[in-house]
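# Secondary and tertiary structure notes
So the chains spell out like this:
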Amino acid sequence: MTAVIQATLNGIMMGAMYGLTALGLTLIFGVMKVVNFAHGSLLMVGMFSAYWLIKLTGIHPYLALLIVPPILYFFGYSLQDLVIKPVFKAERQVREPLTVIIVTTGVWYVLDNLALMLFGAEYRTVRTAISNKSFALGQFIISIPKFSGFVVAVATAVGLALFMRKTKIGMALRATSLDREAANLMGIDQYKVYNIAFGLGTAIAGIAGCVLIPFYYVYPSVGVVFDIRAFIIVVLGGLGSIPGALLGGLVIGLIESVFSQFMASTWTEAIIYAIFLVILFVKPSGFFGNKQDW
Amino acid sequence: MKTGLKGSLLTCCLGAALGLALAASPAFAADKVVKIGNVEPLSGPSASVGVQGKQAREMAVEEINAAGGIKSLGGAKLELVYADSKSDPTVGVTETERLINTEKVNLMTGCWNSAVTYPATQVAERYGIPFVVPVAVRDTITERGFKNVFRVAAKDSWWVRDQFRFLKDMQDETGVKLKTIAFVFENGDWGTGFAEKWRELAKKDGYQVVLDEPYPSTATDLTPVVTKLKSANPDIVLLVSNAADAILLTNTMAEMQVKPKVVLASGGGHADPKFLENTGDTAYGLFDEVEWNTDVNKPGAKETNAKFKKKYGYDLTGESVDAYAAMYVIADALERAGSTDPAKVRDALAATKLTTGPAMIVSYDGVEFDKNGQNTNAGIVIVQVAKVDGKPERVTVWPKAARRAGYTPVFPANK
């Protein structure tokens, strides 16, 4: 029983972080209707930025949260503005911009290989003040880096949801997500909104990078590992849904952690994919998805 | 018109004769190269070991070429041709096909991952191209009656055999009795192969198995496995891990305060130079099994290691030493074959009796292949991660004869 409760606690913490990695993906999809295949690479960029910042300046990993996400925001903003937008404009008349998806795949390859050229294939972790530290909660052990990651993940999701509801930019993002033509007619610059959405999605990948780096390692193709998770989570929670991403993450985290206590952990992978398939059959729009998206 | 034709015919003949003469002259032959195809994981989860193998091969080939190349082939130089397997068996097979058919390599080496080496050697066997396997431990690679496959390193049943010998010897030496044992291993060919033999030997030696847990090497989080380990509470944990998961497991075990009496790893990820860099003090006390260690007492070992370290910035590893030795095994066979004809090279490899030269920095006494192509001399050492001069270092502890002078193993590591 102790092990199950311990596994549940771990599952919730790790699940929230999976949710955080999926948050940027779901935001970009929600607004742009583009499955961003470069998302994992953006997460990798976030992790490397956090890694170098902490390694070179020796600052506390959570101070990096104030520096890395803004940098990543501008990185994402410019990436969309310079690379993706031209393709979008060329495909203006098409409802499902397929070429854009292919462009994001190109960005994925370019970023991963650029990182490989710059940093090599090796694994890097940075030893911080909180690495491998934990505290006891009764007889249960809570890892400090994972717990902090959990708090940051929830705060980010809540913050993003509030931002989407309360601010003018948030409303513009939502309007564009509902109907890009109508939003355009109401005077919303569609492409600028896309820039912002992509920037925000990338900034969230930066946040995820900052909270992952104290206990996870970074290497150029690290994104792939999280990417597959993120895609499943986004479909599970509903494409474009912010609470869906968090909930989807928690579900995956809990399955992975709790089911592992009763069977070989290699099985949980299979179970996650099985659940993914079932959801696709039974409720393709996910927990909170908008039906009209599909 | 008539004379013109005659004239051109004459020129042709002269040209051909000149060409033949040139080809036969030593000056022309010196440009001859022997192409060695290498399939290695140069990207993906095992990329760092792939790169180690690549760099060690390059250093060996540089030395061989600088010393005059293959003399019986008129000073022919060795040339390395690389292909990236990405640790994927399918890619490994197509790349082996490509190296043999398109690049026309004379020999093959690789592929580190057992799962890639197994089918890749099959391809080479089909084409009759000699395949020297420096490392890839799966037993069956040299147990299929193949004629062209030669393995320099030990196979995994020998690794497991030595792990249990070590456990027994250490318990006899210290008087500590250990009863329960846990197996945690990556879910690939390598891990499952080890686990099969662990079960056999654990039963034979009377240990009680309290956990038998495969995990996917690409897992993002190994806390579930560590949680299981915590509730199983074993005396001994045996591990098979790649680099990334070895780092994650060690750090997560420290975080979750899981402290078995003995943690014994099986090389691979734990032997990767990145491992100590990324775990540091959480790795103290860990035992690891390797083909080689920098403090191994062999002539030339220290100098070769110093040279490698100067060149690439890190110490030689078991993987790189075997890759380095494999190049000398190939050079030795080519020298004796005096030909690049695959059948002749194959016969020369089969007759290998290498006991001297730069390759002998390996921890064992020589290279000699049995009828299946397995090096019968290959052996293993066990090291412990200890704090030496304030830094984590791998210290040879077993076999007892090879133990670093003045070091007493910490056994059990966590009381």
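What comes next is a walk through the structure. Please read all numbers here as calculations on a predicted model, not as lab measurements. (Residues numbered from 1 in each chain as written. Chains lettered and ligands numbered in written order. Predicted model: local features only at pLDDT ≥ 70, side-chain atom pairs only at ≥ 80, totals over all residues. Heavy atoms only, no water.)

### Concerning the overall build of chain B
In plain terms, the rule: Here a helix means four or more residues in a row that DSSP labels H or I, a strand means two or more in a row labelled E, and each is numbered from the N terminus. Note on method: radius of gyration uses C-alpha positions; expected globular size equals 2.2 Å times residues raised to 0.38. Only protein chains enter the accessibility calculation, which uses a 1.4 Å probe; a residue whose area is less than 20% of its type maximum is buried, one above 50% is exposed, and one in between is partly exposed. Two residues qualify as a contact provided that any one of their heavy atoms is within 4.5 Å of a heavy atom in the partner residue. For the purpose of counting charges, residues Lys and Arg are taken to be positive, whereas Asp and Glu are taken to be negative. His and the chain ends are not included. In plain terms, the charge of a residue is placed at NZ if it is Lys, CZ if Arg, CG if Asp and CD if Glu.
If you tally the helices and strands in chain B, you get 13 helices and twelve strands. Computed over the C-alpha atoms, the radius of gyration of chain B is 24 Å, within 12% of the 22 Å expected from 2.2 N^0.38 for a compact globule of 415 residues. By its C-alpha atoms, chain B is 100 × 40 × 35 Å across when sized along the principal axes. Looking at chain B as a whole, 58% of its 415 residues qualify as buried. Within chain B, contacts between residues at least 6 apart in sequence are counted, and of these 68% link residues at least 24 apart. When the 49 positive and 50 negative side-chain charges of chain B are each reduced to one mean point, those points stand 3 Å apart.

### Re unusual backbone geometry
All names here are of chain B. Across the junction of Gly-110 and Cys-111, the peptide omega takes the value -5°, indicating a cis bond. Examined against the element boundaries, Cys-111 turns out to sit in the loop between strand S3 (107-110) and helix H5 (114-127). Pro-412 follows Phe-411 through a cis peptide bond whose omega is -5°. Here Pro-412 shows up in the segment after strand S12 (391-398). A positive phi angle is found at Lys-86, which is not glycine, with a value near 55°. Topologically, Lys-86 is positioned in the loop between strand S2 (77-84) and helix H4 (89-101). Relative accessible area serves as the criterion here: at 47%, Lys-86 is assigned to the partly exposed category.

### A short note on the pairing of strand S7 (residues 208-215) of chain B
Residues and elements named next belong to chain B. The line we're drawing: Being paired, for any two strands, means DSSP has found at least two bridges between them. Seen with its strands pointing away from the viewer, a crossover is right-handed when the path leading from the first strand over the helix to the second is clockwise.
Summarising the sheet, strand S6 (residues 180-186) and S7 pair through seven bridges and their orientation is parallel. Opposite Thr-180, over in S7, you have Gln-208 as the bridge partner. Taken together, S6, helix H7 (residues 189-204) and S7 constitute a β-α-β crossover, and its handedness is right-handed.

### Description of the packing of helix H6 (residues 156-174) of chain B against H7 of chain B
Two measures define how a pair of helices packs: the angle their axes make with one another and the distance between the axes. Residue and element names in this part refer to chain B. The following threshold applies: Axes here mean lines fitted to C-alpha atoms, for a helix over just the part in contact, with angles spanning 0 to 180 degrees between N-to-C directions. With respect to orientation, any angle under 35 degrees is reported as roughly parallel, any angle over 145 as roughly antiparallel, any angle of 65 to 115 as roughly perpendicular, and every other angle as oblique. Left-handed describes a crossing whose near helix is turned anticlockwise from the far helix through less than a right angle; right-handed describes the clockwise counterpart. Polarity classes work like this: nonpolar for Ala, Val, Leu, Ile, Met, Phe, Trp, Tyr, Cys and Pro, charged for Asp, Glu, Lys and Arg, and polar for all others, with Gly in that last group.
Where H6 contacts H7, the two axes come as close as 9 Å, and the packing angle between them is 45°. Relative to H7, H6 is oriented oblique. Handedness of the crossing formed by H6 with H7: right-handed. Across the interface between the two elements, Asp-156, Ser-157, Trp-159, Val-160, Arg-161, Gln-163 and Phe-164 of H6 pack against Trp-190, Gly-193, Phe-194, Lys-197, Trp-198, Leu-201 and Ala-202 of H7. Taken together, the residues that form the contact of H6 with H7 break down as eight nonpolar, three polar and three charged.

### As for the sheet that holds strand S9 (residues 262-265) of chain B
Backbone-to-backbone hydrogen bonds join strands into a sheet, with any given pair of strands oriented parallel or antiparallel. All names here are of chain B. One open sheet accounts for seven strands, arranged S7-S6-S8-S9-S10-S11-S12; its pairing is mixed. Where the open sheet ends on each side, the last strands, each with one partner, are S7 and S12. For this sheet the average axis-to-axis angle between neighbouring strands, irrespective of direction, equals 25°. Examined bridge by bridge, strand S11 (residues 381-388) and S12 share seven bridges and lie antiparallel to one another.

### Here's the deal with helix H3 (residues 47-66) of chain B
Residues and elements named next belong to chain B. Here is the rule: Working rule for helices: expected span equals 1.5 Å times residues minus one.
In this model H3 runs 28 Å from its N-terminal to its C-terminal C-alpha over 20 residues, within 8% of the 28 Å that 1.5 Å per residue would give. Across the 20 residues that make up H3, a large majority, 15, are buried. Downstream of H3 by one or two residues, Gly-68 has phi in the positive range, about 105°.

### Some remarks on the interface of chain B and chain A
Size of an interface: often given as the accessible area lost when the parts come together. Heads up, the rule is: When a carboxyl oxygen of Asp or Glu is within 4 Å of a side-chain nitrogen of Lys or Arg, the pair counts as a salt bridge.
The interface of chain B with chain A comprises 36 residues on the first partner and 34 residues on the second. Linking chain B to chain A there are four salt bridges. The salt bridge involving Asp-281 of chain B is made with Arg-127 of chain A; its shortest N-O contact spans 3.6 Å. Residue assignment for the side of chain B that touches chain A shows that the elements contributing at least two residues are H3, S7, helix H8 (223-232), helix H9 (243-255) and helix H10 (273-279) of chain B. Looking at the side of chain B that touches chain A, the element that brings in the most residues is H9 of chain B, giving eight residues. A class-by-class count of the residues in the side of chain B that touches chain A yields 13 nonpolar, 15 polar and eight charged.

### As for the side chain of Thr-304 of chain B
Residue and element names in this part refer to chain B. Relative to the assigned elements, Thr-304 resides in helix H11 (residues 301-312). Residue class for Thr-304 comes out buried when judged on its relative accessible area of 11%. Discounting residues that sit within four places of it in the chain, Thr-304 has contacts with Met-59, Leu-316, Tyr-324 and Ile-361.

### Describing the pairing of strand S8 (residues 236-240) of chain B
All names here are of chain B. The buried fraction of S8 amounts to five of the five residues, a majority that puts the element mostly inside the structure. Alternating positions in S8 separate into two faces, Ile-236, Leu-238 and Val-240 on one and Val-237 and Leu-239 on the other, with burial throughout. Bridging between S6 and S8 involves five bridges; their strand directions are parallel. The residue of S8 that forms the bridge with Ile-181 is Ile-236. Where S8 and S9 come together, four bridges link them in parallel fashion. Paired with Leu-239 across the bridge in S9 is Ala-265. For the segment spanning S8, H9 and S9, crossover handedness is right-handed.

### Quick look at a nonpolar patch on the surface
Rules: Patch membership requires more than 30% relative accessible area and the absence of a salt bridge. Residues of like charge join within 9 Å; the nonpolar side chains Val, Leu, Ile, Met, Phe, Trp and Tyr join within 5 Å. Each accessible area value is a Shrake-Rupley result obtained with a 1.4 Å probe; residue values ignore everything except the protein chains displayed when judging cover.
On the surface, Leu-277, Val-278, Leu-280, Phe-281 and Val-282 of chain A cluster together into a nonpolar patch covering about 540 Å² of accessible area. By the secondary structure assignment, Leu-280 of chain A is in helix H11 (residues 265-282).

### With respect to the environment of Ile-181 of chain B
Its location among the elements puts Ile-181 of chain B in strand S6. It is 8.0 Å that separates the C-alpha atoms of Ile-181 of chain B and Ala-202 of chain B, two residues lying 21 residues apart in sequence.

### Side note on the environment of Ala-195 of chain B
Residues and elements named next belong to chain B. With respect to the helices and strands, the residue Ala-195 is situated in helix H7. Judged by relative accessible area, which is 0%, Ala-195 ranks as buried. A sequence separation of 19 residues divides Ala-195 from Pro-214, and the C-alpha atoms of the two residues are 8.8 Å apart.

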